[in-house]
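# What the coordinates show
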Amino acid sequence: MDSDLNLKATELRLGLPGTIDAISPPKNSKRSSPDSDSATPPPKAQIVGWPPVRSYRKNNLAEAESGSFVKVSMDGAPYLRKIDLKVYNGYVELLEGLEKMFKLTIGEYSEREGYKGSEYAPAYEDKDGDLMLVGDVPWEMFKSSCKRLRIMKASDARGLGCAV
Amino acid sequence: MAYSFPEEVLEHVFSFLSSDRDRNAVSLVCKSWYDIERWCRRRIFVGNCYAVSPEIVIRRFPELRAVEMKGKPHFADFNLVPEGWGAYAYPWIAAMEEAYPFLEEIKLKRMVVTDESLELISKSYKSFKVLVLTSCEGFTTDGLASIAANCRHLRELDLRESEVEDLSGHWLSHFPDSCTSLVSLNMSCLGSEVSFCALERLVARSPNLRTLRLNRAVPLERLANLIRRAPQLVELGTGAYSAEIRSDTFSNLADAFSACKQLKALSGFWDVVPSYLPAMYSVCSGITSLNLSYAAIPSSDLVKLISQCQNLQRLWVLDYIEDSGLDALAASCKDLQELRVFPSDPFGAEPNVSLTEQGLVSVSEGCPKLESVLYFCRQMSNAALIAIAKNRPNFIRFRLCIIDPQAPDYLTLEPLDAGFGAIVEKCKELRRLSMTGLLTDRVFKYIGSHAKKLEMLSIAFAGDSDLGLHHVLSGCDSLRKLEIRDCPFGDKALLANAAKLETMRSLWMSSCSVSFGACKLLAQKMPRLNVEVIDERGPPDSRPEGCSVERAYVYRTVASRQRLDMPDFVWTHDEDSSLRYS
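Residues numbered from 1 in each chain as written. Chains lettered and ligands numbered in written order. Predicted model: local features only at pLDDT ≥ 70, side-chain atom pairs only at ≥ 80, totals over all residues. Heavy atoms only, no water.

Chain B goes by F-box domain-containing protein in an unreviewed UniProt entry, where it is assigned to Salvia splendens. Of chain B, the UniProt comment under Subcellular location (unreviewed entry) reads exactly: "Nucleus". (UniProt positions renumbered as here; feature names shortened; annotations may be inferred.)

Chain A is annotated in an unreviewed UniProt entry as Auxin-responsive protein from Salvia splendens. Annotation of chain A in UniProt includes, under Function (unreviewed entry), the sentence "Aux/IAA proteins are short-lived transcriptional factors that function as repressors of early auxin response genes at low auxin concentrations." Of chain A, the UniProt comment under Subunit (unreviewed entry) reads exactly: "Homodimers and heterodimers."

Structure below.
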């Protein structure tokens, strides 16, 4: 296999006859990013525009994964509400928000007794579709696994560990 | 002999020619044919908005009814073209306002369109019918409101994947009650909610509606009512395909679908709840095009759906389908012509799904009509590519993207030259090729020798030297578009093949080894090539002569090479400086 097609013999020269090509393109290290000439490859995340996925598509995928709006239903209410979990800093704020939105009291959480003494218990549906009591897991974990909220009548929430 | 035919006869004959190529050929026969043809041409396609000027177009074709145009180069899709580079639609729209009062269609791709342009369109043309904006940007929903309000005979409003500043959903309500002409509405790229009542009424009063692509904000509970009002739909894009699981919602939806006897294409499917997919089963046997590329559903659910669609010709899907799903596809969809598999987690370091080269091999084996592929995966081998090439010599489009851009054959650790070589050798009708992986100059030698019908080639992180580029430019006879990034290709090959560049639409080279000096020489030598140096580091001559430019975009043009809308990071040949060389 020829490694050189002998370009010089048929080359279209643009310089004056007799001159030698002074410009030899610098051999770029294959992985160098546009503004560095170092030989060390940059981490993959820094390659602009790679992989070639349109931003329109990237945005849609990102939204699918990190949507923070969740539906909130309350037993007996005619329609649902939606809240953005991102705006709350923790369970206390969330419960206060829910209390205001639905005009009810939920009371305080305790690991042993759930939401003792209140008429309602906040539950949520997690990624696996299971109905869980709000408050058991750390807040960040809750935010990423909560798919929707359900404010249940405490009498129905017996099985979730609420003492009535 | 031409003199004996009256003009009207020739015009009548020409009216049967719809292809641009035929019309261009006709206009080269003689002066009188050129003249007759230009007066009766009604549609033009401008592949590069800077290849020609509005004045030239208007002067030559005084009676156009439809204009289709493309702006930014393809790599703009991946953020390789800086913001503000160009491709503004306004100068064209403004020039055409006076020249073409009867204009009916405007189709733009990768152009910057402002609300001002949209308002001008809506007010200038009494019989305006079709507006298609693909991958465009620069406008807001206010511009859409103008179109809705003022275009009395609007048939198509298609905003394919454009980036629209979404101020509100109110624009849709601007369609007057008297507007009953809609045939196609694609608003899938918009974020905000439109008034569902307005949407339902619009659909109900549009008896010719064939294509309806909703946006994500239209909930599944609303879909049944919409479809019920348009059982004649041929193409449907759903909104979010999720709802609380309720049997009445399901049966409502299933009933609505079963009334749509003409449905051929489905898309949308954001946030899919798999339990609702069977609601569509009644239409699946007629479906020829399915776009599930936003649907995050497991392979098993995908397979259940796809195996209902025996007449499927086109499938776009996420890699959740996995090799097993592609095996099932190969077994059930024997009419498949086009497959696109997109990555669900393009930036993840580790594979999140079990999708490998094997899936593509299966489909190439099982689907005899497969001719067009776009495939993202994380590993490839020469053996697989060779098998694919042997199975499917009828490929016309083959685009492979391996997430690691320089991945070698994962079995032998060799470059993938032999694999891609087999593709170009066996697939003699190949028109478009995108390659990734570890590739040396050898693959370009194969391409230059075999890919004689190749029109578009995309290369990234490949090759060893100028020889690679030279092989392509000197060997690919049908090449129209060449786009290259991060390859060690430079001045020698470029200058040696200068004349070739005028036979192509454009050449894009970014992060390669092209010097400013070579760009200047090329522009001087080839007066009908515009050699744009796109460099955000400041004036190119402030750096040493041998320094590579960030990007070079070379395209043929009959317009001025100093376009008036050039931003400060673009340099082109200075016409005045040529006087210094006389």
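Okay, the overall build of chain A next. When helices and strands are tallied, chain A shows 4 helices and 5 strands. Along chain A, from the amino end to the carboxyl end, the secondary structure elements read α-α-β-β-α-β-β-α-β. Within chain A, the proportion of its 164 residues that are buried is 35%. Look at the contacts in chain A between residues 6 or more apart in sequence, and 46% of them connect residues 24 or more apart. Summed over all atoms, the accessible surface of chain A reaches about 10600 Å², with 52% contributed by carbon and sulfur. (Helix = DSSP H or I, 4+ residues; strand = E, 2+ residues; numbered from the N terminus. Buried < 20%, exposed > 50% of the residue type's maximum accessible area, 1.4 Å probe, protein only. Contact = heavy atoms within 4.5 Å. Areas by Shrake-Rupley, 256 points an atom, 1.4 Å probe, with all protein chains shown as cover.)

Moving on: the overall build of chain B. Tallying secondary structure elements over chain B gives 21 helices and 23 strands in all. Here chain B has a C-alpha radius of gyration of 26 Å; the compact-globule value for 582 residues is 25 Å, and the two agree. Principal-axis analysis of the C-alpha atoms places the extent of chain B at approximately 80 × 65 × 55 Å. Within the span of chain B, comprising 582 residues, buried residues form 59% of the whole. Contacts in chain B between residues at least 24 apart in sequence constitute 69% of all its contacts with a sequence separation of at least 6. For chain B, the exposed area adds up to about 22900 Å²; of that, 51% sits on carbon and sulfur atoms. Taking the average place of the 66 positive charges on the side chains of chain B and the average place of its 74 negative ones, the gap between the two points comes to 6 Å. (Rg over C-alpha atoms; globule rule 2.2 N^0.38 Å. Lys, Arg positive; Asp, Glu negative; His and termini not counted. Charge placed at Lys NZ, Arg CZ, Asp CG, Glu CD.)

Our focus in this paragraph is the packing of helix α15 (residues 382–391) of chain B against helix α16 (residues 417–426) of chain B. Residues and elements named next belong to chain B. Relative to each other, α15 and α16 sit at 5°, their axes nearing to 7 Å. Viewed along their axes, α15 and α16 adopt a mutual orientation that is roughly parallel. Facing Asn-382, Leu-385, Ile-386, Ile-388, Ala-389 and Lys-390 of α15, the residues of α16 in contact are Asp-417, Ala-418, Gly-419, Phe-420, Ala-422, Ile-423 and Lys-426. Class assignment of the residues belonging to the contact of α15 with α16 gives a composition of 8 nonpolar, 2 polar and 3 charged. (Axes fitted to C-alpha atoms, helices over the stretch in contact; angles between N-to-C directions. Parallel < 35°, antiparallel > 145°, perpendicular 65-115°, else oblique. Nonpolar A, V, L, I, M, F, W, Y, C, P; charged D, E, K, R; others polar.)

Turning our attention to the pairing of strand β18 (residues 456–460) of chain B. Residue and element names in this part refer to chain B. In terms of residue burial, β18 counts as a mostly covered element, since 5 of its 5 residues are buried. A two-sided burial pattern is seen for β18, the buried positions comprising Met-456, Ser-458 and Ala-460 on one face and Leu-457 and Ile-459 on the other. Judged from the 3 bridges that link them, strand β17 (residues 432–434) and β18 form a sheet pairing that is parallel. Paired with Ser-434 across the two strands is Ser-458, which belongs to β18. For the crossover from β17 across helix α17 (residues 441–450) to β18, the handedness is right-handed. In terms of strand pairing, β18 meets strand β19 (residues 481–485) through 5 bridges, oriented parallel. Its bridge partner being in β19, Met-456 is matched across the sheet by Lys-481. On the question of chirality, the crossover connecting β18 to the parallel β19 by way of helix α18 (residues 466–475) is right-handed. (Pairing = 2+ DSSP bridges. Right-handed = clockwise from strand over helix to strand, strands pointing away.)

This part covers the pairing of strand β1 (residues 69–74) of chain A. All names here are of chain A. Pairing of β1 with strand β2 (residues 81–84), which is carried by 4 bridges, proceeds in the antiparallel orientation. Each residue of the ladder has a partner; that of Val-70, found in β2, is Ile-83. Between β1 and β2, which pair antiparallel in sequence order, lie 6 residues; one of them, Gly-76, sits at a positive phi of approximately 95°. Bridge analysis of β1 against strand β5 (residues 146–153) gives 4 bridges, and the strand direction is parallel. Residue pairing across strands places Val-72 opposite Leu-149, the latter belonging to β5.

All names here are of chain B. Inspection of the secondary structure assignment puts Ile-423 in helix α16. In this structure Ile-423 comes out as buried when scored by relative accessible area, which is 0%. Between the C-alpha atoms of Ile-423 and Ala-451, which are 28 residues apart in sequence, the distance is 9.2 Å. What Ile-423 contacts, discounting residues up to four positions off in sequence, is Leu-385, Ile-388, Ala-389, Phe-398 and Leu-430.

Moving on to the UniProt feature "domain: F-box" (unreviewed entry) in chain B. As annotated by UniProt and renumbered to match this structure, "domain: F-box" (unreviewed entry) occupies residues 5–46 of chain B. Helix makes up 62% of residues 5–46 of chain B and strand 10%, whereas the separation of the span's terminal C-alpha atoms amounts to 31 Å.

Here we take up helix α3 (residues 31–40) of chain B. For α3 of chain B, the set of buried residues is Ile-36, Glu-37, Arg-38 and Cys-40 of chain B. Elements in contact with the buried residues of α3 of chain B: α1 (7–14), α2 (20–27) and α4 (54–60) of chain B.

Side chains carrying opposite charge are able to pair once their charged atoms draw close together. Residues and elements named next belong to chain B. All chains considered together, the criterion is met by 36 salt bridges over all chains. Measuring nitrogen to oxygen at the nearest pair gives 2.4 Å for the salt bridge that ties Lys-72 to Glu-137. Of this pair, Lys-72 sits in the loop between β2 (66–70) and α5 (90–99) while Glu-137 sits in strand β5 (residues 137–140), placing them 65 residues apart in sequence. Both residues of the pair, Lys-72 and Glu-137, belong to the buried class. One salt bridge connects Glu-119 with Lys-123, and the closest N-O pair in it is separated by 2.8 Å. Here Glu-119 pairs with Lys-123, and both are found in helix α6 (residues 115–124), just 4 residues apart, close to one helical turn. Judged by its relative accessible area of 37%, Glu-119 is partly exposed. (Salt bridge = Lys/Arg side-chain N within 4 Å of Asp/Glu carboxyl O.)

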